[in-house]
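Examining the three-dimensional arrangement
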Number of protein chains: 2
Amino acid sequence: MSTAHDVLFRTLADPTRRALFERLCREGEKTVGALTARAGVSQPVVSKHLGILKQAGLVRDRHEGRHTHYSAQLGALTPLVDWTSQMAGFWQSRFDDLEDLLRRMDQ
Amino acid sequence: MSTAHDVLFRTLADPTRRALFERLCREGEKTVGALTARAGVSQPVVSKHLGILKQAGLVRDRHEGRHTHYSAQLGALTPLVDWTSQMAGFWQSRFDDLEDLLRRMDQ
DNA sequence: CTAACACATACCCCAATGGCTATACGATAA
DNA sequence: TTATCGTATAGCCATTGGGGTATGTGTTAG
């Protein structure tokens with residue numbers, strides 16, 4: 001089974017790929033050429049990473065003539081936020097249990 | 001350069017490792033043996049993953065006789081939350097810029 | 001129609017990494 | 001002290017995956 005946050009963590013684990021996503025978040029829509037210019041890797045590598053980001057739902061592409069524009073899809077980060085708050089929730093409830101225990105012991 | 005969220009994404013990208021961390025969040029402190037029992041991998045592999053989680057600051061270990069107890073360090077997730085809200089922030093501010101532009105064009 | 005362009009795909013290479021078994025090491029039990 | 005137990009480390013192997021170059025495909029310019 002491959003859960004949503006599984007895909008997100010895997011996809012965002014690579015620095016080059018994450019840098020591409022960050023640029024799209026900061027600077028908005030960009031063409032492959034513009035992204036390649038400052039990516040530090042070759043154009044085919046950029047295209048491959050963008051493909052992986054797209055599969056993860058993190059980016060969208062829009063074709064315009066012979067250019068392809070990519071943009072960040074921020075909503076795709078939701079499962080990541082959910083996972084994080086779920087972990088925090090488990091931790092909190094165990095803390096609450098401890099508090100309960102201490103309170104009962106106090107009586 | 002290896003930023004904090006860089007380490008976190010890399011560390012949490014592996015399913016086995018993330019499962020260990022999740023169990024520690026859900027069920028609290030556990031020994032290596034207890035974790036190995038349901039991990040689906042060998043004890044040395046569990047130990048290795050726990051070592052990586054520890055390096056990332058995601059878990060703590062406590063030695064008690066010949067047992068080692070591991071527990072989740074939830075605070076270590078903070079850089080992940082920060083990164084996410086930073087990305088959301090960039091997206092939001094670009095949206096605000098667009099709103100400003102449209103408002104000025106409207107006059 | 002042809003050439004140049006923007007991007008995607010195919011293919012190969014190599015380093016990183018996750019899994020294993022064997023073993024070392026510290027602590028306890030006998 | 002010796003045997004056993006719990007965990008960590010060492011060494012090995014197979015796979016994954018990120019990087020490159022070469023080339024395919026569709027589009028616009030001349």
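Refer to the structure above for everything that follows.
The notes below deal with the structure included here. Just so we're clear, the structure is a prediction, and the values are computed from it rather than from any experiment.

1. A closer look at the overall build of chain A
What chain A contains, in helices and strands, is five helices and three strands. Order of helices (α) and strands (β) in chain A, N terminus to C terminus: α-α-β-α-α-β-β-α. Counting only residues that meet the buried cut, chain A has 38% of its 107 residues in that class. Considering only contacts within chain A whose residues lie at least 6 apart along the sequence, 52% involve residues at least 24 apart. By element, 52% of the accessible surface of chain A is carried by carbon and sulfur atoms, the whole surface being about 6,200 Å².

2. Observations regarding the sheet that holds strand β2 (residues 59-64) of chain B
All names here are of chain B. Read across the sheet, three strands follow the order β1-β3-β2 without closing on themselves; strand pairing throughout is antiparallel. Where the open sheet ends on each side, the last strands, each with one partner, are β1 (30-31) and β2. One ladder, built from two bridges, connects β1 with strand β3 (residues 67-72); its direction is antiparallel. Pairing of T31 across the sheet is with H69, part of β3. Against the sheet, helix α2 (residues 15-27) engages β1, β2 and β3, with an angle of about 85° to β3.

3. Section: the pattern of salt bridges
Enumeration according to the criterion identifies 16 salt bridges over all chains in this entry. The partner of R18 of chain A in a salt bridge is D6 of chain B, and the shortest N-O contact between them spans 2.7 Å. In this pair, R18 of chain A sits in helix α2 (residues 15-27) while D6 of chain B sits in helix α1 (residues 4-13), so the two residues belong to two different chains. With its nearest N and O atoms 2.8 Å apart, the salt bridge here joins E64 of chain B to R62 of chain B. Residues joined by salt bridges that share partners form a network here, namely D6 and R10 of chain A together with R18 and E22 of chain B.

4. Some details on the protein's contact with DNA strand C
Taken together, 21 residues sit near DNA strand C, with G33, Q43, S47 and Y70 of chain A together with H49 of chain B positioned nearest. Among atoms of DNA strand C positioned within 4 Å of the protein, sugar and phosphate together represent 66%. A distance of 2.4 Å separates a phosphate oxygen of DNA strand C from a polar side-chain atom of S47 of chain A. A distance of 3.3 Å separates a sugar or linking oxygen of DNA strand C from a polar side-chain atom of T68 of chain A. For the surface near DNA strand C, the element with the most residues is helix α4 (residues 43-55) of chain B, which contributes four residues.

5. Thoughts on the interface of chain B and chain A
Interfaces are often described in size by the accessible area the parts lose on coming together. Contact with chain B, which involves 28 residues of that partner, is made by 28 residues of chain A. Between chain B and chain A, a total of about 2,400 Å² is buried, with carbon and sulfur atoms accounting for 70% of that surface. At the boundary of chain B with chain A, the tally comes to two salt bridges. Seen at the junction of chain B and chain A, the total is four residue pairs in polar contact (both at pLDDT 80 or more). Those elements giving two or more residues to the side of chain B that touches chain A turn out to be α1, α2 and α5 (78-106) of chain B. Class assignment for the residues of the side of chain B that touches chain A results in 17 nonpolar, four polar and seven charged.

The rules behind these values
- Residues numbered from 1 in each chain as written.
- Chains lettered and ligands numbered in written order.
- Predicted model: local features only at pLDDT ≥ 70, side-chain atom pairs only at ≥ 80, totals over all residues.
- Heavy atoms only, no water.
- Helix = DSSP H or I, 4+ residues; strand = E, 2+ residues; numbered from the N terminus.
- Buried < 20%, exposed > 50% of the residue type's maximum accessible area, 1.4 Å probe, protein only.
- Contact = heavy atoms within 4.5 Å.
- Areas by Shrake-Rupley, 256 points an atom, 1.4 Å probe, with all protein chains shown as cover.
- Pairing = 2+ DSSP bridges.
- Axes fitted to C-alpha atoms, helices over the stretch in contact; angles between N-to-C directions.
- Salt bridge = Lys/Arg side-chain N within 4 Å of Asp/Glu carboxyl O.
- Near = heavy atom within 4 Å.
- Polar contact = N/O pair within 3.5 Å; in protein donor to acceptor, adjacent residues only side chain to side chain.
- Buried area = accessible area lost by both parts, 1.4 Å probe.
- Nonpolar A, V, L, I, M, F, W, Y, C, P; charged D, E, K, R; others polar.

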